[in-house]
Amino acid sequence: HDTGLERLREDLTEGIDRLREVGADVVLVDLQFVRRWDEHPRHKAYLSLIRSVAQEEGAGLFRRYEVMKQLVKRNALSALQSAGVEGAPPPNPARC
């Protein structure tokens, strides 16, 4: 039993319910991609949980993790950082 995952599921479900009570549309955003995150043994469980809650609850899902991972693969985040995009990591001088 992973109480952290169970608690996250409960919190997400409760949050979705509360937002819908006031008439809000709900879109969940999954994890931000960080290279070291792939090495974390539980990152896939968290990604899977967020995706399954979105599906079960009929909420939208923005797959930030996959989008950012593809941007990193294409070295596109350096261009975003240069453009001043908030949250983009600083350019890697070795790649410039």
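Residues numbered from 1 in each chain as written. Predicted model: local features only at pLDDT ≥ 70, side-chain atom pairs only at ≥ 80, totals over all residues. Heavy atoms only, no water.

Attention now goes to the nonpolar core. One finds L12, I16, L28, L31 and V53 to be the most contacted residues of the largest nonpolar core, which totals 17 residues. Only α1 (3-21), α2 (43-57) and α3 (64-73) provide two or more residues apiece to this core. With 6 residues, the top contributor of residues to this core is α2. Setting aside anything within four residues of it in sequence, one finds L12 in contact with L28, L49, I50 and V53. (Core = buried A, V, L, I, M, F, W, Y, C linked by side-chain atoms within 4.5 Å. Buried < 20%, exposed > 50% of the residue type's maximum accessible area, 1.4 Å probe, protein only. Helix = DSSP H or I, 4+ residues; strand = E, 2+ residues; numbered from the N terminus. Contact = heavy atoms within 4.5 Å.)

This part covers the pattern of salt bridges. Taken as a whole and judged by the stated rule, the model has 4 salt bridges. As a salt-bridge pair, D11 and R7 come within 2.9 Å of each other at their nearest N and O atoms. Within this pair, D11 and its partner R7 are both found in helix α1, separated by 4 residues, close to a single helical turn. Among the residues examined, D11 registers a relative accessible area of 35% and is labelled partly exposed. A salt bridge links D30 to R51; its shortest N-O distance comes to 3.1 Å. Taken together, the residues span a long stretch of sequence, with D30 in the loop between β1 (27-29) and α2 and R51 in helix α2 at a distance of 21 residues. The same class applies to D30 as to R51, namely buried. (Salt bridge = Lys/Arg side-chain N within 4 Å of Asp/Glu carboxyl O.)

Geometric descriptors of this kind do not, in isolation, establish any biological role.
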